[in-house]
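# Structural overview
Chain residues, written in single-letter form:
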Amino acid sequence: MGRAPQTSASLAECEACSPSESLPDKRVQQPGKKALVNRLRRIEGQIGGVLSMVEDDRYCVDILMQISAVKSALDGVAIQILSAHANGCVRKAVKEDDGAEAIEELLGVIRKMIR
């Protein structure tokens, strides 16, 4: 599964990652939303494939390999969203004030992700 190349400069100035006037607090319009949705739909298809494998009594190792591929794909989506958040929301918070709260929130998310 390939990743769409993105430069940190394009994410750093991303207005889409800023809270919208029309959306309540803590909601943002994701940069590259269409690509993210497409990736998640592919992952959804992979999950359906794993379900079919279990239902069809496929070999355990084959199922485990597919589960590993799904986990890897989800990690890729998570990293993409994390990068957009750090380069958009967190960067903006640091520029506007000291950003300590945004940085602590980011670190908390990273801690949870690596468990």
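The rules behind the values
- Position labels on residues start from 1 in each chain and follow its written sequence.
- This being a predicted model, a pLDDT of at least 70 is required before a residue's local features are given, and a value of 80 or more before pairs of side-chain atoms are given or counted; all residues contribute to the totals for chains, interfaces and linings.
- Hydrogens are left out, water is left out, and the side-chain values use all remaining heavy atoms of the structure.
- Working definition: helices are DSSP H or I runs of at least four residues, strands are E runs of at least two. Numbering for both runs from the N terminus.
- Relative accessibility under 20% of the residue-type maximum defines a buried residue, over 50% an exposed one, and the middle range a partly exposed one, all with a 1.4 Å probe and only protein chains included.
- All accessibility values rest on the Shrake-Rupley procedure with a 1.4 Å probe; residue burial counts only the protein chains present in the view.
- For salt bridges, the criterion is a side-chain nitrogen of Lys or Arg within 4 Å of an Asp or Glu carboxyl oxygen.
- A score between 0 and 100, pLDDT records how confident the predictor is in each residue.
- A contact between two residues is defined here by any heavy atoms of the two lying within 4.5 Å.
- Note on geometry: axes are C-alpha line fits, over the in-contact stretch for helices, and angles between N-to-C directions span 0 to 180 degrees.
- For classification purposes, angles smaller than 35 degrees are called roughly parallel, those larger than 145 roughly antiparallel, those between 65 and 115 roughly perpendicular, and all remaining angles oblique.
- If you view the pair so one helix is near and one far, a crossing is left-handed when the near helix is turned anticlockwise from the far one by less than a right angle, and right-handed when it is turned clockwise.
- Definition of nonpolar core: a set of buried residues of the types Ala, Val, Leu, Ile, Met, Phe, Trp, Tyr and Cys, connected through side-chain atoms within 4.5 Å.

## Topic: the overall build of the chain
The helix and strand inventory of the chain stands at 4 helices and 0 strands. For the chain, the N- to C-terminal ordering of α and β elements is α-α-α-α. Each of the 115 residues in the chain was classed as buried or not, and the buried ones make up 24%. Element-wise, carbon and sulfur atoms account for 57% of the exposed surface of the chain, whose accessible area totals about 8300 Å².

## Examining the pattern of salt bridges
All chains considered together, the criterion is met by 3 salt bridges. Across the salt bridge formed by E104 and R111, the nearest N and O atoms sit 3.5 Å from each other. Assessed through its relative accessible area of 41%, R111 is described here as partly exposed.

## Here we look at unusual backbone geometry
Look at D57: it is not a glycine, yet its phi comes out positive at around 55°. Locating D57 in the fold gives a position in the loop between α2 (33-55) and α3 (60-96).

## Observations regarding the environment of L51
Checked against the element boundaries, L51 lands in helix α2. As for L51 and I63, which are separated by 12 residues in sequence, their C-alpha atoms are 9.0 Å apart.

## Some words on the confidence of the model for the chain
Low pLDDT means the predicted atomic positions in that stretch should not be read closely. The predicted model of the chain has a mean per-residue pLDDT of 83, with 78% of residues at 70 or higher. Of all secondary-structure elements in the chain, the lowest mean pLDDT belongs to helix α1 (residues 8-12), at 40, while α2 reaches the highest, 97. Here residues 1-14 scores under 50 on pLDDT; set against residues more than four positions off or in separate chains, the count is 18 contacts.

## Topic: the packing of α3 against helix α4 (residues 100-113)
Remark: α3 packs on α4, axes separated minimally by 9 Å, with the N-to-C direction vectors making an angle of 165°. Comparing their axes, α4 and α3 come out roughly antiparallel. Like other packed secondary-structure pairs, α3 and α4 cross with a definite hand, here left-handed. Taken together, the residues of α4 that come into contact with α3 (itself represented by A78, I79, L82, H85, A86, V90, A93 and V94) are A102, I103, E105, L106, V109, I110 and M113.

## Some words on the environment of V77
The topology assignment puts V77 in helix α3. By relative accessible area, which is 5% here, V77 ends up buried. With 34 residues separating them in the primary sequence, V77 and I43 have C-alpha atoms 9.8 Å apart. Look past the residues within four positions of V77 in its chain and what remains in contact with it is L36, R39, L40 and I43.

## Overview of the nonpolar core
In terms of nonpolar packing, the biggest core is built from 8 residues, these being L36, I43, V50, M53, I63, V70, A73 and V77. Elements supplying a minimum of two residues to this core: α2 and α3. Those residues in contact with L36 that lie beyond four places of it in its chain are Q30, P31, V77, Q80 and I81. The next biggest cluster of nonpolar side chains, apart from the first, holds 5 residues, and it includes L82, V90, A102 and L106.

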